[in-house]
Each structure stands twice: as C-alpha cells, then as structure tokens.
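Here is how the chains run, residue by residue.
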Amino acid sequence: MKTCIVISDSHGLLPIDEDFWNVLDESDYIIHLGDGIREIQTLKEKYKDKFIYVYGNCDSFSQEPYKIIDIEGVKVLITHGYKFSVKDDLFDLAFECEYQNVHYGLYGHTHRPQIDEINKNLVLINPGSITYTRTYCYLVIANNNLTYKIVQK
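What counts, and at which threshold
Residues numbered from 1 in each chain as written. Predicted model: local features only at pLDDT ≥ 70, side-chain atom pairs only at ≥ 80, totals over all residues. Heavy atoms only, no water. Helix = DSSP H or I, 4+ residues; strand = E, 2+ residues; numbered from the N terminus. Rg over C-alpha atoms; globule rule 2.2 N^0.38 Å. Buried < 20%, exposed > 50% of the residue type's maximum accessible area, 1.4 Å probe, protein only. Areas by Shrake-Rupley, 256 points an atom, 1.4 Å probe, with all protein chains shown as cover. Lys, Arg positive; Asp, Glu negative; His and termini not counted. Charge placed at Lys NZ, Arg CZ, Asp CG, Glu CD. Pairing = 2+ DSSP bridges. Axes fitted to C-alpha atoms, helices over the stretch in contact; angles between N-to-C directions. Phe/Tyr/Trp six-rings, centres within 6.5 Å; stacked < 30°, edge-to-face > 60°. Lys NZ or Arg CZ within 6 Å of the ring centre and 35° of its normal. Arc of directions from axis to C-beta. Contact = heavy atoms within 4.5 Å.

A. Structural detail: the overall build of the protein chain. Within the protein chain, the regular secondary structure consists of three helices and ten strands. Secondary structure elements in the protein chain, listed N-terminal to C-terminal, are β-α-β-α-β-β-β-α-β-β-β-β-β. Here the C-alpha atoms of the protein chain give a radius of gyration of 14 Å, agreeing with the 15 Å that 2.2 N^0.38 yields for 153 residues. By principal-axis analysis of the C-alpha atoms, the protein chain measures approximately 40 × 35 × 25 Å. Looking at the 153 residues of the protein chain, the share that counts as buried comes to 48%. Looking at the protein chain as shown, the accessible area adds up to about 7,800 Å², and 47% of this sits on carbon and sulfur atoms. Placing the 15 positive and 22 negative side-chain charges of the protein chain at their respective mean positions leaves the two points 2 Å apart.

Structure (structure tokens):
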C-alpha cells in the first residue's frame, strides 16, 4: 500500500501549518500538478525521493503536457491541464487518458476540486488549489486499485 498527496496551483504559497507538513512527511509520494515553480523547487529539494511534478502555464517552462507514472502497478496520467483546455471541458484529457490506457488522470489549472467518473474505466481528479480553495487530494494505492478523497485544509 502507498499513500500520495496531490496538490496543485500553489501560486507562491504553501500552507505553513504543521499538520500539512506532517501529512507530506508521512506520505509515500507527493505530486504537484503545476503553477507553483518556487514551491516545486522547495518540495523537490526537501522530498527528492518521493516528489513528482509537472509544470503549469504560470511556471514559464515549456515541458511535456503530461507524464504517466506507475505507482504499485496503477498507471496515472498527471498534467496541469491547460494544454488539454480543462477550463472548457474534460474531453481532450479523457481522450488522452483513454489513448494512453490509463484509468486515472490528475489535473489542476481550474483551481476547483472536482472528481469525474467518466466511465467504469476512467476517473479524472482535480485537487483544487492548495492556496485558493485550500484543498488537496489524498490517494491510497493498494492491490492494483486507487482510492481518492478531496481534503479541505
């Protein structure tokens, strides 16, 4: 079993409360979905062995639009989302997930926490903004399955 904290859109701020940092310390993986270049650098230095990230449109880096990661046999597509136009709809992101044969897609960009079960084989999850909505996503991966919950700080 592995645990994972997914954050996005920190835009220059991470929570300073000890509880949040304890959750990060205790998790097996931390994923940042972009728009927080300074925080990405901080987390990369502090949690180098368990930190995974993609850059967002405000990070001024032109990187690949997504990464596919494998945690305990579960493939997950992670993206900021702006290159998939997630503020308009989730069609392009869902299409790419299905094309890549992944069952979970994690994205940010909209600042709104959201979970969409597209069909029995695809779930798209937006943790919201750790800064604006003060939300993140808690994932548990076990037995080739992923469970998820949006957490309000």
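B. Inspection of the sheet that holds strand E6 (residues 104-106) at higher detail. In spatial order, the strands read E4-E5-E6-E8-E7; together these five strands make up an open sheet with mixed pairing. Unpaired on one side and paired on the other, strand E4 (67-71) and strand E7 (113-119) mark the two borders of the sheet. Neighbour-to-neighbour, the strand axes of this sheet turn through a mean angle of 20°, independent of strand direction. Pairing of E7 with strand E8 (residues 122-127), which is carried by six bridges, proceeds in the antiparallel orientation. Across the sheet, the residue bridging to Glu-117 is Val-123, located in E8.

C. Main features of the packing of aromatic side chains. Under the defined criterion, the tally for this structure stands at six aromatic pairs. Judged by centre distance (5.9 Å) and plane angle (85°), the rings of Phe-20 and Trp-21 are edge-to-face. Owing to a relative accessible area of 2%, Phe-20 belongs among the buried residues under this scheme. What links up through ring pairs into an aromatic cluster is the set Phe-20, Trp-21 and Tyr-136. A cation over an aromatic ring shows up here: Lys-67 above the ring of Tyr-53, its NZ or CZ 4.6 Å from the ring centre.

D. Summary view of helix H1 (residues 18-26). Of the residues making up H1, those classed as buried are Phe-20, Trp-21 and Leu-24. Looking straight down H1, one finds its buried side chains confined to an arc of 95°; they lie on one side. Opposite the buried face of H1, at more than 90 degrees from it, the exposed residues are Glu-18, Asp-19 and Glu-26. Packing partners of the buried residues in H1 comprise strand E1 (2-7), strand E2 (29-32), helix H2 (37-46) and strand E9 (135-142).

E. Inspection of unusual backbone geometry at higher detail. Its identity as a non-glycine residue notwithstanding, Asp-35 has a phi of 60°, on the positive side. Even without glycine at this site, Asn-144 takes up a positive phi of about 60°. The residue Asn-144 is located in the loop between E9 and strand E10 (145-152) in this model.

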